[in-house]
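Per-entry structural report
Residue strings, one per chain:
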Amino acid sequence: MKHLTALTLTFAFGAAPALAQPKLIATIAMIGEPAAQIAASCAEVETMMGPGIDPHLYQASAGDVRTLADANAILYAGYNLEGQLGEVFAKLGAKKPVLAVSELAATPDQLIREEGAEYADPHLWMDAALWSGIAKPIADSLAELDPDCAEASDRGQTYAEELFALDDWIRRSIETIPAEQRVMVTAHDAFAYYGRAYGIDVVGIQGISTESEASIADIRATVDLVIDRNVPAIFVESTINPRTVEAVIEAAEARGHALSLGEELYSDAMGEAGTAEGTYIGMLHSNTVSVVQALGGTVQPLPTALHDWAERWGLALDG
């Protein structure tokens, strides 16, 4: 298992200076990469869980705990996403800033919570506008750690504006999918915020957490839905074993319904560092392109606010 993968800051801002800097540890890249953008060269940002790592099941190593202890601040999602690390965060919170950024980004009425569930759905990053709410807490924490990070506030505001532009682009692209086919079937229920924000029905074969296996009944119910709605594609996620998705495809084919496998989606982890998909914006951009193309829609041109990001990664501005 990979532990503590450093997020590279040089891709946008050049090498960090040799002077001692505040060190922030983020649990997931959906927090760490935006934090690196907001910090620029004023702080070192590292993320614990790299590509392909499932935060629901992650168990910290002794080395991870030492690194957390040495950090100046810790940024984590909350809402039990990193459930196995809860006790570690509670102990360290008495000694340093330990921020549950998801819990600071949204108000209670903005959360999705299954009936009877102890915690809200933690996958808030699937709604770009909602996730823009992490920018200010991150910028504020940087400014408190080091006066040299005062300009992080302006960078945080710029980043939030990019996420609002991304939010609008996703919505316009999803709206081009024929209404009856606007169904996104995935391995587990990580996309509820995406579905609510962008007007697409989301069906997870298993629940919010990946700790339990999908049952035969879950698979049968999913097959019934894709046949009833004439859904053309189903999606596998980068952190989830594809066997349940493959079972749905086979069962649908046995009933005479051709169901293709769409491009891999990013849910609980982003792509490799140094790639477009290794950025938060790129994660949602890639997911949206995959979903729209697989379900019969048309990817829309990127807004002006995202042109610099797209050009940095050599991506077409027309979508």
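Cut-offs used in this document
Residues numbered from 1 in each chain as written. Predicted model: local features only at pLDDT ≥ 70, side-chain atom pairs only at ≥ 80, totals over all residues. Heavy atoms only, no water. Disulfide = S-S within 2.5 Å. Helix = DSSP H or I, 4+ residues; strand = E, 2+ residues; numbered from the N terminus. Salt bridge = Lys/Arg side-chain N within 4 Å of Asp/Glu carboxyl O. Buried < 20%, exposed > 50% of the residue type's maximum accessible area, 1.4 Å probe, protein only. Pairing = 2+ DSSP bridges. Right-handed = clockwise from strand over helix to strand, strands pointing away. pLDDT = per-residue confidence, 0-100. Contact = heavy atoms within 4.5 Å.

1. Quick look at the state of the cysteines
Counted by the stated rule, this structure contains one disulfide. Bridging Cys42 to Cys149, the disulfide has an S-S length of 2.1 Å. Residues Cys42 and Cys149 share a disulfide whose torsion about the S-S bond is about 110°; that sign makes it right-handed. You can see Cys42 sitting in the loop between α2 (29–39) and β3 (44–49) and its partner Cys149 sitting in the loop between α7 (135–145) and α8 (152–174), a full 107 residues away along the chain.

2. Structural notes on the pattern of salt bridges
Tallied over the full model, the rule gives six salt bridges. Taking the shortest distance from any N to any O, the salt bridge between Asp168 and Arg172 comes out at 3.0 Å. Residue Asp168 and its partner Arg172 are both found in helix α8; the two are separated by four residues, about one turn of the helix. Judged by relative accessible area, which is 36%, Asp168 ranks as partly exposed. Residue classification places Arg172 among the partly exposed positions, given a relative accessible area of 28%. The salt bridge partner of Arg229 is Asp201, with a shortest N-O separation of 3.1 Å. Residue Arg229 is found in the loop between α10 (216–228) and β8 (233–234), and its partner Asp201 is found in strand β7 (residues 201–206); the two are separated by 28 residues along the sequence. The exposure class of Arg229 is partly exposed, given its relative accessible area of 27%.

3. Comments concerning the pairing of strand β4 (residues 73–76)
Burial of the side chains of β4 extends over both faces: Ala73 and Leu75 are buried on one face and Ile74 and Tyr76 on the other. Sheet analysis places β4 next to strand β5 (residues 98–100), joined by three bridges and oriented parallel. Within the sheet, the bridge partner assigned to Ile74 lies in β5 and is Val98. In terms of handedness, the path from β4 via helix α4 (residues 86–92) over to β5 forms a crossover that is right-handed.

4. Some points on the confidence of the model for the protein
Put simply, the protein has an average pLDDT of 88, and 90% of its residues get 70 or more. Low pLDDT (under 50) marks residues 1–18, which in the prediction has 41 contacts with non-local residues, meaning those over four places away or in another chain.

5. Thoughts on unusual backbone geometry
Phi at Tyr79 takes a positive value of approximately 55°, unusual for a residue other than glycine. Tracing the sequence through the fold places Tyr79 in the loop between β4 and α4. The exposure class assigned to Tyr79 is buried, which follows from its relative accessible area of 13%. Backbone geometry at Asn230 places phi at a positive 55°, although glycine is not the residue there. Position of Asn230 relative to the elements: it lies in the loop between α10 and β8.

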